[in-house]
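# Remarks on the overall topology
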Amino acid sequence: MPQTHRTQVAIVGAGPAGLLLSHLLHLAGISSIVLERQTREYIEQRIRAGVLEQHVVELLNDTGLGERLGREGLLHHGIHLNFNDTVHRLDFNQLIGRSITVYGQHEVVKDLVAARLEAGADIRFSVADTAIHQVDTDQPAVSFTHDGDSHTIECGFIAGCDGFHGICRPSIPQDLLRIHERIYPFGWLGILAETTPPSDELIYSSHDDGFALYSMRAADVARLYVQCAPDEDIANWPDDRIWQALGERLGSAGGWSLNKGPIIERGITAMRSFVAEPMQHGRLFLAGDAAHIVPPTGAKGMNLAVADVRILSRALETFFASGDEHRLKDYSARCLARVWQAQRFSWWMTSMLHRFDDNDSYGRRLQLAELEYLTSSKAAARSLAENYTGLPFDEG
Ligand SMILES: Cc1cc2nc3c(=O)[nH]c(=O)nc-3n(C[C@H](O)[C@H](O)[C@H](O)COP(=O)(O)OP(=O)(O)OC[C@H]3O[C@@H](n4cnc5c(N)ncnc54)[C@H](O)[C@@H]3O)c2cc1C
């Protein structure tokens, strides 16, 4: 039986962007329906990002989502840079009085789903055939199927929070979109291992063999990455090879030891920078990975998704309170100003720390000179600290 529903904002995608938008709108008294093609269990187990900027932590705390984050999140005041057999710590707290918190993206998603369901939210999991309609009118709609039935949501606005491979961005006429893209000639092989991380803060290692990152999700769960080919077959990386590469790239300068442990998750992520402009078409607003992607080196992906939906929720609040559309009209430009700062930072970190196969000795020496400068100049270190802990949200 076809069914029709009505809401103020239809949200496609229950990742951090879609769920947080639904939560922020709810706090402002605006109704929404969230559509997700995966099951609840799937999105709550999906291992992805894990570094939260200070502004993001503050927003989650201020909107009632900080209880478990405060208990289980790991507050970090700095990071280590490891190169040329030397280790340098950048102390964010000392440099700019700010910090980051390590808390898995799937934990943020669990907290959001729990908060939304407790508030009686309408989240439809396992939907299929999602399509958006009439976005260039003031009566847009979203259709989908669920348990074999056809549904239509009539709404005031559609939020495209459906990630890089979703349907919202491709629904915008391609001649209205400008795509900016860079594909990197490497990927990251990431593992989650039941072992003590080598350090209680993140270690970024730039090694002649390639980049490695030593991070964590809990005191006894390490999240470790090694640079690999973008199209690498994971079967070529048995456990011994992964641990060997991690050990060599960590080196001995920091006095750390790499403790092997059972690998409970593994995967390869290709590295890409991508921006689609504008982030709006008619009554469709793109947010998060649906509009932009960064390589994970700067730990910005989830943080950008949060910043977008904060700006979008404010704009929708203004519209529903007074009919004033100026913030909605500014949405794309305001998000993109911040997105490009994060793009620049993520590209810069990626270029400085990875091995490029076509790099000659000149290119490598430039990378090392940049790292030396960064770790010897307070001004350069402050710039990294400011970007890493997060530029302010433009909410005004
Ligand atoms: C494998 C991987 C590893 C990553 N690791 C890191 C990291 O270490 N550090 C970092 O900072 N960032 C990382 N990122 C990036 C970060 O996870 C993303 O930036 C973040 O998930 C963006 O949130 P989002 O809500 O915009 O999109 P997503 O989290 O992708 O959520 C989009 C949601 O939409 C749903 N969806 C898609 N199509 C449809 C449809 N047609 N109908 C209904 N629902 C749909 C999807 O199932 C998904 O749940 C990683 C990303 C990936 C893919």
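Residues numbered from 1 in each chain as written. Predicted model: local features only at pLDDT ≥ 70, side-chain atom pairs only at ≥ 80, totals over all residues. Heavy atoms only, no water.

### Points about the domain arrangement of the chain
How large an interface is tends to be reported as the accessible area lost when its parts come together. Selection criterion: Residue ranges assigned to the domains are those given by an automatic or database domain assignment. The contact criterion used is simple: two residues touch if any of their non-hydrogen atoms lie within 4.5 Å. Buried area: the accessible surface (1.4 Å probe) lost by two parts on joining, summed over both. Each reported salt bridge corresponds to a side-chain nitrogen of Lys or Arg within 4 Å of a carboxyl oxygen of Asp or Glu. Identification of polar contacts relies on pairs of N or O atoms within 3.5 Å, with a donor-acceptor requirement for protein atoms, meaning one able to donate a hydrogen and the other able to accept it, and with residues adjacent in sequence counted only if both atoms are side-chain atoms. Residues were grouped as follows: Ala, Val, Leu, Ile, Met, Phe, Trp, Tyr, Cys and Pro as nonpolar; Asp, Glu, Lys and Arg as charged; and all remaining residues, including Gly, as polar.
Per the domain assignment, the segments making up the chain are domain 1 (3-50 + 104-177 + 278-354) and domain 2 (183-270). Distance between the C-alpha centres of domain 1 and domain 2: 31 Å. Across the boundary between the two partners, domain 1 contributes 14 residues, which contact 13 residues of domain 2. Of the roughly 1200 Å² buried where domain 1 meets domain 2, counting both sides, 67% is carbon and sulfur surface. Along the contact surface separating domain 1 from domain 2 lie 0 salt bridges. Applying the counting rule to domain 1 against domain 2 returns 4 residue pairs in polar contact (both at pLDDT 80 or more). Residue composition of the side of domain 1 that touches domain 2, grouped by class: 8 nonpolar, 5 polar and 1 charged.

### Quick look at the sheet that holds strand S4 (residues 74-76)
For the record, the criterion: Pairing between two strands is assigned when DSSP locates at least 2 bridges connecting them. Only runs of H or I of at least four residues qualify as helices and only runs of E of at least two qualify as strands under DSSP, and these elements are numbered from the N terminus.
A sheet is described by the order of its strands in space; here 3 strands give the open sequence S3-S7-S4, paired in antiparallel fashion. Across the chains shown, the open sheet's two edge strands, defined by having one partner strand only, are strand S3 (51-52) and S4. Examined bridge by bridge, S4 and strand S7 (residues 100-102) share 3 bridges and lie antiparallel to one another. Each bridged residue has a counterpart across the sheet, and for His76 the counterpart in S7 is Ile100.

### Overview of the pairing of strand S6 (residues 86-91)
Judged from the 6 bridges that link them, strand S5 (residues 78-83) and S6 form a sheet pairing that is antiparallel. In the sheet register, Ile79 faces S6, and the bridge partner there is Leu90. Connecting the antiparallel pair S5 and S6 is a turn made up of 2 residues, with Asn84 showing a positive phi of about 50°.

### Comments concerning the pairing of strand S14 (residues 210-218)
Residues in a regular strand project their side chains so that they alternate between the two faces of the sheet. Under the convention used in this document: Relative accessible area decides the class of each residue, using a 1.4 Å probe on protein chains only: under 20% of the type maximum gives buried, over 50% gives exposed, and in between gives partly exposed.
When you tally the buried positions in S14, you get 8 out of 9 residues, the bulk of the element. Summarising the sheet, strand S13 (residues 203-207) and S14 pair through 5 bridges and their orientation is antiparallel. By the bridge assignment, Ser205 is partnered in S14 with Ala212. Linking two consecutive strands that pair antiparallel, namely S13 and S14, is a turn of 2 residues. In the sheet, S14 pairs with strand S15 (residues 221-228) via 6 bridges, with the strands oriented antiparallel.

### Regarding the site of the ligand
Selection rule: Near is defined per residue: the residue qualifies when any heavy atom it owns lies within 4 Å of the molecule or strand. Areas reported here follow the Shrake-Rupley algorithm with a probe of radius 1.4 Å; residue values treat only the protein chains shown as occluding.
Taken together, 31 residues form the shell around the ligand, and within it Glu36, Arg46, Arg48, Gln105 and Asp289 come nearest. Between the ligand and Glu36 there is a distance of 2.6 Å, counted from an oxygen atom to a side-chain nitrogen or oxygen. In the model, an oxygen atom of the ligand is placed 2.7 Å from a nitrogen or oxygen of the Gln105 side chain. Compared with its free state, where it exposes 1000 Å², the ligand has 87% of that area covered by protein. Elements supplying a minimum of two residues to the shell around the ligand: helix H1 (16-27) and helix H9 (301-322). Here the shell around the ligand takes 3 residues from H9, the largest share from any one element. Of the residues contributing to the shell around the ligand, the split by class is 14 nonpolar, 10 polar and 7 charged.

### Remarks on helix H11 (residues 361-376)
Every α-helical turn comprises 3.6 residues, leaving residues that sit three or four positions apart pointing alike. Rules: Any helix carries an expected span of 1.5 Å times its number of residues minus one. Arc, as used here, means the arc of the directions from the helix axis to the C-beta atoms.
Here H11 is 16 residues long and its end C-alpha atoms lie 22 Å apart, about the 22 Å a rise of 1.5 Å per residue gives. Those residues of H11 lying buried are Gly363, Arg364, Gln367, Leu368, Leu371, Leu374 and Thr375. The arc that holds every buried residue of H11, seen down its axis, measures 135°, which confines them to one face. In H11, the exposed residues that point more than 90 degrees away from the buried face are Ser361, Tyr362, Arg365, Tyr373 and Ser376. Looking at the packing, one finds that the buried side of H11 touches S5, S6, S13, helix H10 (326-353) and helix H12 (378-389).

### Structural notes on the packing of H1 against H9
Rule in force here: Throughout, an axis means a line fitted to C-alpha atoms (over the contacting stretch in the case of helices), and angles, computed between N-to-C directions, take values from 0 to 180 degrees. With respect to orientation, any angle under 35 degrees is reported as roughly parallel, any angle over 145 as roughly antiparallel, any angle of 65 to 115 as roughly perpendicular, and every other angle as oblique. In this scheme the handedness of a crossing depends on how the near helix is turned from the far one: anticlockwise by less than a right angle means left-handed, clockwise means right-handed.
The interhelical angle for the contact between H1 and H9, taken along N-to-C directions, is 30°, at an axis separation of 9 Å. The angle between the axes of H1 and H9 places the two elements in the roughly parallel class. Handedness of the H1/H9 crossing: right-handed. Listed contacts from H9 to Pro16, Ala17, Leu20, Leu21, Leu24 and Leu25 of H1 are Met302, Ala305, Val306, Val309, Arg310, Leu312, Ser313 and Leu316. Here the residues of the contact of H1 with H9 sort into 12 nonpolar, 1 polar and 1 charged.

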